[in-house]
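# Structural description and commentary
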Amino acid sequence: MPSFDIVSEVNKEEVKNAVEQANKEIGNRFDFKGSDAHVEQAELKLTVWADNEFQLGQAQDILNNRLIKRGVDIKCLEISDKVEKVSGNKVKRSCDVKVGVETELAKKIVKHIKDSKMKVQASIQGDTVRITGKNRDDLQDAIAFVKKTITDFPLQYQNFRD
């Protein structure tokens, strides 16, 4: 039976390149001269550092723009609302890069597909959702339906098998 997987993945190399470009731009900008503003990366956890909250917002915008230009969807970023004060006047904010379809979202996708009365079956397999059907057209309809209903999280459609 034909099937495909719904996943949410991020190219880690593109994230790394975006962080490096953001740090380079922060180092070159006049309004950051003499400040200790920078972005650190530990796997899929990003931390934005700055001297004050205004510069923190500017550095976050630079990082977001660089991620967009590198083809990374910023909807996969979970930016913390909490601004932490560090020694002296320094502040930092953490951003997590979400990878994989979370359980709640997977259940939502499965429910939408079942409610749509399409001729496909959806099953949750770890951090992916597998859709199976009798023919390719049903699967293509399912992809279009999921793209239309789930717009708040970046999803990719992979592993298409006939």
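Before reading further, recall that the structure is shown in the block above.
What counts, and at which threshold
Residues numbered from 1 in each chain as written. Predicted model: local features only at pLDDT ≥ 70, side-chain atom pairs only at ≥ 80, totals over all residues. Heavy atoms only, no water. Helix = DSSP H or I, 4+ residues; strand = E, 2+ residues; numbered from the N terminus. Buried < 20%, exposed > 50% of the residue type's maximum accessible area, 1.4 Å probe, protein only. Expected span 1.5 Å × (residues − 1). Arc of directions from axis to C-beta. Contact = heavy atoms within 4.5 Å. Salt bridge = Lys/Arg side-chain N within 4 Å of Asp/Glu carboxyl O. Axes fitted to C-alpha atoms, helices over the stretch in contact; angles between N-to-C directions. Parallel < 35°, antiparallel > 145°, perpendicular 65-115°, else oblique. Left-handed = near helix turned anticlockwise from the far one by under 90°. Nonpolar A, V, L, I, M, F, W, Y, C, P; charged D, E, K, R; others polar. Core = buried A, V, L, I, M, F, W, Y, C linked by side-chain atoms within 4.5 Å. Pairing = 2+ DSSP bridges.

### Some points on the environment of K16
With respect to the element layout, K16 can be found in helix α1 (residues 12–28). Taking relative accessible area as the criterion, K16 reaches 39% and is therefore assigned partly exposed. Expressed as a C-alpha distance, the spacing of K16 and K92, which sit 76 residues apart in the sequence, is 19 Å.

### Examining helix α4 (residues 136–149)
Compared with an ideal rise of 1.5 Å per residue, which puts 14 residues at 20 Å, α4 spans 20 Å between its outermost C-alpha atoms and is within 8% of the ideal. Turning to α4, its buried residues number three or more, namely D138, L139, A142, I143, F145 and V146. Looking straight down α4, one finds that the buried residues subtend no more than 165 degrees of arc, so they occupy a single side. Summarising the geometry of α4, the exposed residues directed more than 90 degrees from the buried face are K147 and K148. Buried residues along α4 sit against β1 (3–7), α3 (103–115), β7 (120–125), β8 (128–133) and β9 (156–161).

### Here we look at the pattern of salt bridges
In total, this model carries nine salt bridges according to the counting rule given. Notably, a salt bridge pairs D5 with R130, separated by 2.7 Å at the nearest N-O pair. Of this pair, D5 sits in strand β1 while R130 sits in strand β8, and the two are 125 residues apart along the sequence. Since its relative accessible area comes to 8%, D5 is described here as buried. Among the salt bridges present, the one from E25 reaches R29, with a minimum N-O distance of 3.9 Å. Among the ionic contacts, a cluster of salt bridges with common partners joins E25, R29, D31 and R66.

### So, the packing of α1 against helix α2 (residues 53–69)
Across the interface, α1 lies against α2 with an axial gap of 8 Å and an inter-helix angle of 135 degrees. Judged by the angle between their axes, α1 and α2 are oblique. Like other packed secondary-structure pairs, α1 and α2 cross with a definite hand, here right-handed. Here V15, A18, V19, Q21, A22, E25 and I26 of α1 lie close against α2, whose contacting residues are A59, I62, L63, R66 and L67. The residue makeup of the contact of α1 with α2, split by class, is nine nonpolar, one polar and two charged.

### Observations regarding the nonpolar core
In terms of nonpolar packing, the biggest core is built from 23 residues, with I26, L46, V48, L63 and L67 touching the most fellow members. Taken together, the elements giving at least two residues each to this core come down to α1, β3 (45–50), α2 and β6 (91–97).

### A few points about unusual backbone geometry
Even without a glycine there, the phi angle at K117 is positive, about 60 degrees. Relative to the elements of secondary structure, K117 occurs in the loop between α3 and β7. Exposure remark for K117: the relative accessible area of 72% places this residue in the exposed category.

### Considering the side chain of N64
If you trace the backbone, N64 turns up in helix α2. For N64, a relative accessible area of 12% corresponds to the buried category. Apart from residues no more than four positions distant in its own chain, N64 is found in contact with I74, L77 and I79.

### Concerning the sheet that holds β7
Spatial ordering of the open sheet is given by β7-β8-β1-β9, a layout of four strands whose pairing is antiparallel. Lying at the two open borders of the sheet, with one neighbouring strand each, are β7 and β9. Pairs of neighbouring strands in the sheet enclose a mean axial angle of 25 degrees, with direction left out of account. Both β1 and β8 contribute to a ladder of four bridges, which runs antiparallel. The residue bridging D5 from the neighbouring strand is R130, located in β8. Of the strands in this sheet, β1, β7, β8 and β9 are in contact with α4, which crosses β9 at around 170 degrees.

Everything listed here is a matter of coordinates, which is why it stays silent on function.
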